[in-house]
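Secondary and tertiary structure notes
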Amino acid sequence: MAFTIIKHPLILDKLTRMRREETSSKDFRENLNEIGQLMVYEIFRDVPLTEIDIKTPVVETKGFTLDIPVVLVPIIRAGLGMTEGIQRLVPTSRIAHIGLYRDEETLEPVQYFAKTTKDIESSYVIVVDPMLATGGSASKAIEIAKSWGAKQIKFVCLVAVQEGVDRIIKDHPDVDIYTASLDPILNDRGYIVPGLGDAGDRIFGTK
């Protein structure tokens with residue numbers, strides 16, 4: 001597996017905007033989608049391509065097309081916030097869904113929904129959640145994706161802590177991890193510090 005922190009000036013600028021307490025839900029969503037788009041370039045760096053014959057207005061030539069279907073798997077709710085940005089650059093991607101919530105007492109994930117797509121076993125699968133905190137929800141979502149037959153899986157988040165990264169490495173050593181920031185610690189409630197707060201609430205304007 002590989003652990004990659006994507007440090008790009010545009011990503012860091014947008015992430016700082018998102019961290020601010022006064023940032024509105026609208027601005028939070030827009031910056032999250034834009035960061036998702038910017039991260040796509042690194043996430044898809046090793047995606048296989050097929051050479052094809054095409055005709056331009058001038059001449060016949062060779063071109064390239066993605067050689068594998070792509071499935072995005074957002075962890076509901078917050079994962080939906082990054083999915084749109086990624087799909088804008090990969091418009092042929094299909095979307096599966098995994099619904100998890102964290103038990104506030106045990107901090108363990110509880111599944112309430114899961115729906116896959118066709119041919120996920122032969123697809124390039126991107127599990128998406130803005131936050132990688134304890135790693136419980138991410139690990140559970142990857143476990144579910146694997147139970148569907150997914151084999152080529154990457155996990156993409158916006159902010160992570162080492163505890164969550166270590167959990168994924170331990171539970172799923174075959175899964176690559178991509179993030180925009182590795183934050184220092186979790187607090188006693190399992191929230192990333194400095195983090196973003198509750199990403200789902202900030203995306204959808206809920207409490």
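Below is a short write-up of the structure. (Residues numbered from 1 in each chain as written. Predicted model: local features only at pLDDT ≥ 70, side-chain atom pairs only at ≥ 80, totals over all residues. Heavy atoms only, no water.)

**As for a nonpolar patch on the surface**
Cut-off, in case you're wondering: Patch definition: residues with relative accessible area over 30% and no salt bridge; like charges joined within 9 Å; nonpolar side chains (Val, Leu, Ile, Met, Phe, Trp, Tyr) joined within 5 Å. In these tables, accessible area is a Shrake-Rupley quantity obtained with a 1.4 Å probe, and a residue counts as shielded only by the protein chains included in the view. The salt bridge criterion pairs a side-chain nitrogen of Lys or Arg with a carboxyl oxygen of Asp or Glu, the two atoms within 4 Å. Buried residues are those whose accessible area, probed at 1.4 Å on protein chains only, stays under 20% of the maximum for their type, while exposed residues exceed 50% and partly exposed ones sit between those limits.
On the surface, Leu-49, Phe-64 and Leu-66 cluster together into a nonpolar patch covering about 310 Å² of accessible area. Exposure remark for Phe-64: the relative accessible area of 58% places this residue in the exposed category.

**Looking at the sheet that holds strand S9 (residues 131-132)**
We count it as follows: Two strands are counted as paired when DSSP detects at least two bridges linking them. Each helix is a run of DSSP H or I of at least 4 residues and each strand a run of E of at least 2, with the numbering of both proceeding from the N terminus.
In space, the three strands of this open sheet follow the order S9-S11-S13, with parallel pairing throughout. A strand with exactly one partner marks an edge of an open sheet, and here the two such strands are S9 and strand S13 (181-183). Summarising the sheet, strand S11 (residues 159-161) and S13 pair through three bridges and their orientation is parallel. Residue pairing across strands places Ala-160 opposite Leu-182, the latter belonging to S13.

**Some points on the packing of aromatic side chains**
The condition that has to hold: Any pair of Phe, Tyr and Trp rings, taking the six-membered ring for Trp, is counted once the centres come within 6.5 Å. Such a pair is stacked with planes under 30 degrees apart, edge-to-face with planes over 60 apart, and tilted for the rest.
Evaluation of the coordinates by the stated rule reveals two aromatic pairs. Consider the rings of Tyr-101 and Tyr-112, whose centres lie 6.3 Å apart with planes at 35°: the pair is tilted. Taken together, the residues span a long stretch of sequence, with Tyr-101 in strand S6 (residues 97-102) and Tyr-112 in strand S7 (residues 109-115) at a distance of eleven residues. Residue classification places Tyr-101 among the partly exposed residues on the basis of a relative accessible area of 44%.

**Looking at the nonpolar core**
To keep it simple, the criterion reads: As used in this record, nonpolar core signifies buried Ala, Val, Leu, Ile, Met, Phe, Trp, Tyr and Cys residues forming a set joined through side-chain atoms within 4.5 Å. The contact definition used throughout considers only heavy atoms, calling two residues in contact when any of these lie within 4.5 Å.
Formed by 35 residues in total, the largest nonpolar core has its most connected members in Met-39, Phe-44, Ile-126, Leu-158 and Leu-196. The biggest single contributor to this core is helix H2 (residues 25-43), with six residues. The contact partners of Leu-196, leaving out residues within four places of it in the chain, are Leu-15, Met-18, Arg-19, Phe-28, Met-131, Leu-158, Val-159 and Arg-202. Counting 24 residues, the second largest nonpolar core, distinct from the first, contains Leu-132, Ile-142, Phe-155 and Val-175.

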